[in-house]
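Reading the structure
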Amino acid sequence: MASSSSPPEEQYGTESTDNYETTCWGCGLRVMLPSGASIFKCGWCGAITNQNKKKREQKCFGWRVLRDRCFLSSVIIFMLFVIFGGVWAVYPIVFSISLLWGIFHSIITTILSIATVSFFSLAAFRCAGTPPNILWGSYPTVGQGDLENYTFCLYCSKPKSPRAHHCRSCGKCILDMDHHCPFIGNCVGAANHYSFVCFLISAVLSTIYVSIMSVYASLHIWPSLSYSLGRLKGMTGRDLAWRLMNEILIAFLRSTLFLSSRGLLLAYLFIASVSLQIGLSVLLWQQLSFIYQGKTYLSNLSSHADNEEEKKDCQNLVRFFGFQHPVSRFFSNFRVTQKRHDT
Ligand SMILES: [Zn+2]
Ligand SMILES: [Zn+2]
Ligand SMILES: [Zn+2]
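Thresholds applied
Residues numbered from 1 in each chain as written. Chains lettered and ligands numbered in written order. Predicted model: local features only at pLDDT ≥ 70, side-chain atom pairs only at ≥ 80, totals over all residues. Helix = DSSP H or I, 4+ residues; strand = E, 2+ residues; numbered from the N terminus. Buried ≥ 20, exposed ≤ 12 C-beta atoms within 10 Å, placed from the backbone. Contact = placed C-beta atoms within 7 Å. UniProt positions renumbered as here; feature names shortened; annotations may be inferred. Expected span 1.5 Å × (residues − 1). Core = buried A, V, L, I, M, F, W, Y, C linked by C-beta atoms within 7 Å. pLDDT = per-residue confidence, 0-100. Axes fitted to C-alpha atoms, helices over the stretch in contact; angles between N-to-C directions. Parallel < 35°, antiparallel > 145°, perpendicular 65-115°, else oblique. Left-handed = near helix turned anticlockwise from the far one by under 90°. Nonpolar A, V, L, I, M, F, W, Y, C, P; charged D, E, K, R; others polar.

The secondary structure content of the protein amounts to eight helices and 11 strands. Counting all 343 residues of the protein, 23% fall into the buried class. Considering only contacts in the protein between residues 6 or more positions apart, those separated by 24 or more positions represent 61%.

Structure below.
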């Protein structure tokens, strides 16, 4: 990258005849560059210009929006199905055991459902993070170093901060972009990263609860297994164990034929919640480890290339979840507002 310095009135550069003149998109100052240098950093505002970069056609944008909407609708329908289906299948059984037991489970279901749906809505329907607006384009509006390491987003036609990435699915630049998640139909960035991780946590807890409750309720309504142990007479050791396992498995499969619709739904909820639990736990683990390392998914990809030093620290997690001195932070805010009123 050529670094060209161009303070307000004079220009630095080699006096070679091959030099060519161009302008910095950030401050509008003229810059003298050696021939062949197409990427340069302005010595005044710090903006990076890449003349090789051409705007690529926004292919499949409509298709991506459609895909996101389909995924988003399926996730919402599935969440509502699990909540209402689970209540329909489990609650008559729980309440038939004892009223207190039923009320206890109603409270847990309400908390988990509200938490999951609210965090999901915050992650999906909130803008993922708009980069701050910054003045650009002409000197002296742009001060020295005002656009340090900014690049120009050809799609949004405005400056892109070093912390922002352009998402081609959302069609805009996102601050601290982690990744584009088709299941929430939105990017995960500075404004909704917290909601996204909280959604993952409450979704994992909910799937654990659903799987436990579907097994618990199934045990009460599952048809009794019918098998005869007469055929096992005379068998010993491994043969006996193998035959016994076979008998139980066949009896179990036969019993599913006599399952009620409630039982079938419980079996489906168990399989669906366990598989989701595995997938969501892996995703949550990955997210928490990136936060612990002080990275996002995208910055992790680029730091592999740059070999940046990692700053692993539990404080990163504490800061992310906002546990750090919440009381003192409240008081400092309180003092500031008081001062404003006094003056
Ligand atoms: Zn400049
Ligand atoms: Zn952009
Ligand atoms: Zn996006």
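Still more to cover.
Here we take up the environment of V82. With respect to the helices and strands, V82 occurs in helix α1 (residues 61-97). Note on V82: 20 C-beta atoms within 10 Å, which makes it buried. Look past the residues within four positions of V82 in its chain and what remains in contact with it is V210 and L269.

This brings us to the UniProt feature "transmembrane region" (unreviewed entry) in the protein. Mapped onto this structure's residue numbering, the UniProt feature "transmembrane region" (unreviewed entry) falls at residues 71-91, 103-125, 194-219 and 265-285. Spanning residues 103-125, this segment combines 100% helix with 0% strand, and its end C-alpha atoms are found 32 Å apart. Taken end to end, residues 265-285 comprises 100% helix and 0% strand; its first and last C-alpha atoms sit 29 Å apart.

With 20 residues, helix α4 (residues 237-256) ought to run about 28 Å at 1.5 Å a step, and its terminal C-alpha atoms sit 29 Å apart, in line with that. Judged by how many residues are buried, α4 sits mostly at the surface: zero of 20 residues are covered.

Once that is clear, we can look at the nonpolar core. Proteins that are soluble and globular tend to have nonpolar side chains buried together. Of all hydrophobic cores here, the largest spans 21 residues; its most connected members are F120, A123, I174, C187, F196, F199 and L200. Within the residue set of this core, elements represented by two or more residues are α2 (99-125), β8 (164-167), β9 (172-175), β11 (186-188) and α3 (193-221). Top contributing element to this core by residue count: α3, with six residues. Setting aside anything within four residues of it in sequence, one finds A123 in contact with I184, N186, N192, S195, F196 and F199. Ranked by size, the runner-up nonpolar core spans 16 residues in total, among them C27, L29, W44 and V142.

Glancing now at unusual backbone geometry. Cis geometry marks the peptide bond from Y139 to P140; its omega dihedral reads 10°. Along the chain, the position of P140 falls in the loop between α2 and β6 (151-153). One non-glycine residue, S157, adopts positive backbone phi at about 55°. Given 8 C-beta atoms within a 10 Å radius, S157 is considered exposed. A positive phi angle, close to 50°, is found at D176, a residue other than glycine. On the secondary structure map, D176 appears in the loop between β9 and β10 (179-181). The buried category is assigned to D176, around which 20 C-beta atoms lie within 10 Å.

This part takes up the confidence of the model for the protein. Low pLDDT marks regions whose predicted coordinates should not be analysed in detail. Confidence in the prediction for the protein averages 82 pLDDT; 85% of positions are at 70 or higher. The spread of mean pLDDT over the elements of the protein runs between helix α8 (residues 326-342), the lowest at 42, and α2, the highest at 95. Under a pLDDT of 50 for its full length, residues 1-16 has, in the predicted model, 41 contacts with residues more than four places off or in other chains. In the predicted structure, residues 326-343 sits below a pLDDT of 50 and forms zero contacts with residues beyond four places in sequence or in another chain.

Interaxial distance between α1 and helix α5 (residues 261-292) falls to 10 Å at its minimum, and their mutual angle equals 135°. Judged by the inter-axis angle, α1 sits oblique to α5. Crossing geometry of α1 relative to α5 is assigned as left-handed. Contacts between α1 and α5 involve V82, G85, G86 and A89 from the former and R262, L265, L266 and L269 from the latter. Across the contact of α1 with α5, the residue classes tally to five nonpolar, two polar and one charged.

Time to look at the environment of C181. Residue position: C181 is located in strand β10. Ignoring anything within four residues of it in the chain, the contact list for C181 reads N186 and V188.

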